[in-house]
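# Structural overview
Single-letter residue listing:
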Amino acid sequence: IFSIDTHTSLWGYYGRFHGGLASTISYIFLYYAFTSNVKGRTLDMVHTLLLSTTLISAYAILEHFGIDKNFWVQDVQNRVFSTLGQPNWLSAYLVAVLPLYLLSTSKTHKFLSILIITAIIFTKSQSGLAAMAITLFLTILIANFKTPNSSPQPARDVRTSSLRVLKFAGPFLIILALLIIKPKSLSSLNLINPFHSTTQEIVQNDLKTRGNGGSNSMAIRRVVWQGAVDLGLKHPILGTGPETFAYSYYWTRPAQHNLLSEWDFLYNKAHNEYLNFFATSGFLGLASYLLLITWTTIWWLKSTKTTPGVVPLFIGWLSILITNFFGFSVVAVALLFFLFPALAISLQGSIKNLRIPNSGPEPARRCEDQQFGIWRFSHLLILTISFFLLSSIYRTFRADLLYNLGKNSQDPITPLQQAVNLQPNQPLFL
């Protein structure tokens, strides 16, 4: 309602379509649909997730060895991104799913965790590697957590599995320390420490040390974060509107950003999920997000005492909070943020399906007939809405093709006009 660009805040920033009101409603809908309908099939869903993650990781490793190096402008061999489009997004997704492999009782899953860890290392994502280190530490901590012999069999199974993971994870921690955590990497973490030095000092030091290469990613983050904080303080209550960071960042963009190697990049995210909420939704939006996280964490901690099987989901969910601090969520990661708690609830079996008997007294049969009428009407309504949304998606797809055709054509006016006619409210096309 109060956004500087209502269209963007409704649908999300172009090319992501995530973080706007429509996607938030979709995640909430999926959460309740999942917890209401998937009871008894939770493990099937987990196995599907593990299978898809295994395929994603396998392709990432093949990327590292050059399977598709000629298809991308980016140096995909140096930093793989598999099917998720960007190394940080891939690492965030893989780290979130990793605990499900590590704490599984299946030997196959434990073996496949080597594949996942290797893919994470090949992303060279500092946030992903930090989250993975914390994930491995929590796994080891669980392995050392004493589970009473009188505990239910599932709890003892989790502890036995975790003890095996302890032996398994140790060598990888050493390899991780040797290959990734170098003195240079550790010192770069100081750049995001607001008490370490000012953005001016950080940028001046970056100019002296980067040579012909790009600016340190942590130095870039620190400057963007400063602009996000200033933007949030300028619009403290409601921000500038969900997903409008690309438009409003220029209002408070620090002058030091002009001295970085990415001085001409368009930043449509604050590269910190929490600061992004603050800048675009103000204190109200940030407080609601933190309240959701706090309440869910308390619920998780209570659930782990009664249902040990939710522990891997909890650790994976925590890793999302870590990677979101250094970056921002995308659709795949946001789905895990909402559906991991849904999986845990389904494991607990707290959702009960209500059924009306097929036969019974006359009032019950009348109620059933009324529900059948509602059922037919709701299906007709859903089909109508689905057709409208699918046609809208097709128009967006067609407009996107015409837009790219116009950009690369000697006569761009006609296809660009056609793109705008198909999607007249899309800022990029305009």
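Quick note: structure is the one above.
Presented here is a report on the structure given in the accompanying data block. Numbering of residues begins from 1 in every chain and follows the order in which that chain's sequence is written. With pLDDT at 70 or above as the cut-off, local features in this predicted model cover only qualifying residues; side-chain atom pairs require 80 or more to be listed or tallied, and sums for whole chains, interfaces and linings still use all residues. Heavy atoms from the whole structure form the basis of all side-chain values; hydrogens and water molecules are not counted.

## Thoughts on the overall build of the chain
Definition in use: The numbering of helices and of strands both runs from the N terminus, where a helix is a DSSP run of H or I of at least 4 residues and a strand a run of E of at least 2. Relative accessible area decides the class of each residue, using a 1.4 Å probe on protein chains only: under 20% of the type maximum gives buried, over 50% gives exposed, and in between gives partly exposed. Contacts between residues were defined by any pair of non-hydrogen atoms, one from each residue, lying within 4.5 Å. With residues, only the protein chains shown are counted as cover, and all accessible areas are computed by Shrake-Rupley using a 1.4 Å probe.
Counting its regular elements, the chain contains 16 helices and 0 strands. Expressed as a percentage of the 430 residues in the chain, the buried residues total 43%. If you take every contact in the chain between residues at least 6 apart in sequence, the share linking residues at least 24 apart comes to 69%. Counting only carbon and sulfur atoms, one obtains 66% of the accessible surface of the chain, whose full area is about 23800 Å².

## Things to note about the layout of surface pockets
Applicable threshold: Definitions used throughout: a 1 Å grid over protein atoms alone; a cavity as a set of points that fits a 1.4 Å probe which cannot get out; a pocket as an open set with protein on both sides within 12 Å along at least five of seven lines; a lining residue as one with an atom within 4 Å of a point. Grid points are joined across faces, edges and corners, and a volume is the space filled by probe spheres set on the points.
In this structure, the second largest pocket encloses a volume near 1200 Å³. Taken together, 44 residues form the lining of the second largest pocket, with Gly19, Gly20, Thr24, Phe277 and Ser288 sitting closest to its centre. For the lining of the second largest pocket, the elements supplying multiple residues, two or more each, are helix 1 (6-11), helix 2 (21-37), helix 12 (273-306), helix 13 (311-326) and helix 14 (331-348). Ranked by residue count, the leading element in the lining of the second largest pocket is helix 12, at 13 residues.

## Quick notes on the packing of aromatic side chains
Quick note on the threshold: Centre distance within 6.5 Å is the pairing criterion for rings of Phe, Tyr and Trp, where only the six-membered ring of Trp is used; planes under 30 degrees apart are then read as stacked, over 60 as edge-to-face, and the remainder as tilted.
One pass over the structure, following the stated rule, counts 23 aromatic pairs. Taken together, a centroid distance of 5.8 Å and an interplanar angle of 50 degrees make the contact between tyrosine 274 and tyrosine 289 tilted. Among the residues examined, tyrosine 274 registers a relative accessible area of 15% and is labelled buried. Take tyrosine 289: its relative accessible area is 9%, and that puts it in the buried class.

## Some thoughts on the pattern of salt bridges
Spelled out, the test is: The term salt bridge refers to a pairing of a side-chain nitrogen on Lys or Arg with a carboxyl oxygen on Asp or Glu at a separation within 4 Å.
Tallying each qualifying case throughout the model produces 2 salt bridges. The shortest N-O distance in the salt bridge between arginine 41 and aspartate 44 comes to 3.8 Å. Residue lysine 269 is joined to glutamate 243 by a salt bridge in which the shortest nitrogen-to-oxygen separation is 2.8 Å. Residue lysine 269 is found in the loop between helix 11 (245-252) and helix 12, and its partner glutamate 243 is found in the loop between helix 10 (217-234) and helix 11; the two are separated by 26 residues along the sequence. Since its relative accessible area comes to 3%, lysine 269 is described here as buried. A relative accessible area of 4% means that glutamate 243 is categorised as buried.

## Quick word on the nonpolar core
Under the convention used in this document: Grouping buried Ala, Val, Leu, Ile, Met, Phe, Trp, Tyr and Cys residues that are joined through side-chain atoms within 4.5 Å yields what is termed a nonpolar core.
Counting 60 residues, the largest nonpolar core has Tyr93, Met132, Trp300 and Phe340 as its most contacted members. For this core, the elements supplying multiple residues, two or more each, are helix 2, helix 3 (42-64), helix 4 (87-102), helix 5 (107-123), helix 6 (126-144), helix 12, helix 13 and helix 14. The dominant element in this core, judged by the number of residues it contributes, is helix 4, at 12 residues. Residues within four places of tyrosine 93 in sequence aside, it is in contact with Leu49, Ser52, Thr53, Ile56, Leu84, Ala332, Val333 and Leu336. One finds Val224, Tyr249, Leu260 and Leu275 within the second-largest nonpolar core, a separate group that totals 14 residues.

## Examining a nonpolar patch on the surface
Here is the rule: The patches described consist of residues with a relative accessible area above 30% and no salt bridge, like charges being joined within 9 Å and nonpolar side chains (Val, Leu, Ile, Met, Phe, Trp, Tyr) within 5 Å.
Taken together, the side chains of Ile1, Phe2, Ile237, Leu238 and Leu284 make up a nonpolar region of the molecular surface, amounting to roughly 640 Å² of accessible area. With respect to the element layout, isoleucine 237 can be found in the loop between helix 10 and helix 11. Residue isoleucine 237 is classed as exposed on the basis of its relative accessible area, which comes to 61%.

## A short note on the packing of helix 3 against helix 5
Put simply, the rule reads: Lines are fitted to the C-alpha atoms to define the axes, a helix being fitted only along its stretch in contact, and any angle between axes, read from their N-to-C directions, falls within 0 to 180 degrees. Between 65 and 115 degrees an angle is taken as roughly perpendicular, under 35 as roughly parallel, over 145 as roughly antiparallel, and anywhere else as oblique. Note on convention: near helix rotated counterclockwise from far helix by under a right angle means a left-handed crossing. Clockwise means right-handed. Residues are grouped as follows: Ala, Val, Leu, Ile, Met, Phe, Trp, Tyr, Cys and Pro are nonpolar; Asp, Glu, Lys and Arg are charged; every other residue, Gly included, is polar.
At a minimum axis separation of 9 Å, helix 3 and helix 5 run at an interaxial angle of 45 degrees. Of the possible angle classes, the one that applies to helix 3 and helix 5 is oblique. The interaxial crossing formed by helix 3 with helix 5 has left-handed handedness. Taking contact as the criterion, the partners of His47, Leu50, Thr53, Thr54, Ser57, Ala58, Ala60, Ile61 and His64 in helix 3 are, on helix 5, His109, Leu112, Leu115, Ile116, Thr118, Ala119 and Phe122. Grouping the constituent residues of the contact of helix 3 with helix 5 by class yields 9 nonpolar, 7 polar and no charged.

## Considering helix 3
What counts here: By this rule the span expected of a helix is its residue count minus one, scaled by 1.5 Å.
Its 23 residues place the ends of helix 3 33 Å apart at the C-alpha level, agreeing with the 33 Å of an ideal helix rising 1.5 Å per residue. Regarding helix 3, the residues found buried are Thr42, Val46, Leu49, Leu50, Thr53, Thr54, Ile56, Ser57, Ala60, Ile61 and Glu63. Where helix 3 is buried, its residues touch helix 4, helix 5 and helix 14. Immediately downstream of helix 3, the backbone of glycine 66 shows phi near 95 degrees, a positive value.

## What about the side chain of threonine 244?
Along the chain, threonine 244 falls in the loop between helix 10 and helix 11. In contact with threonine 244, other than residues within four places in its own chain, are Ser3, Ile4, Asp5, Ser9 and Thr280.

## Regarding the environment of glycine 128
Relative to the elements of secondary structure, glycine 128 occurs in helix 6. On the basis of relative accessible area, glycine 128 is assigned to the buried category, the value being 0%. For the pair glycine 128 and isoleucine 322, spaced 194 residues apart in sequence, the C-alpha separation works out to 8.5 Å. Leaving out residues up to four positions away in the same chain, glycine 128 has contacts with Ser91, Val95, Ile120 and Thr323.

## Some words on the packing of helix 9 (residues 199-209) against helix 10
The contact between helix 9 and helix 10 brings their axes to 10 Å, and the two run at 150 degrees. With respect to helix 10, the axis of helix 9 lies roughly antiparallel. In this structure, helix 9 meets helix 10 at a crossing whose hand is left-handed. Counting all contacts with helix 9, which are made through Thr199, Ile202, Val203 and Asp206, the residues of helix 10 involved are Ala219, Arg222, Val223 and Gln226.

## Topic: unusual backbone geometry
The phi dihedral of phenylalanine 17 falls on the positive side, at around 50 degrees, and the residue is not glycine. Counting through the fold element by element, phenylalanine 17 comes out in the loop between helix 1 and helix 2. Since its relative accessible area comes to 36%, phenylalanine 17 is described here as partly exposed. For glutamate 243, which is not glycine, the phi torsion reads 65 degrees and is therefore positive.

Read these as spatial facts, not as claims about activity.
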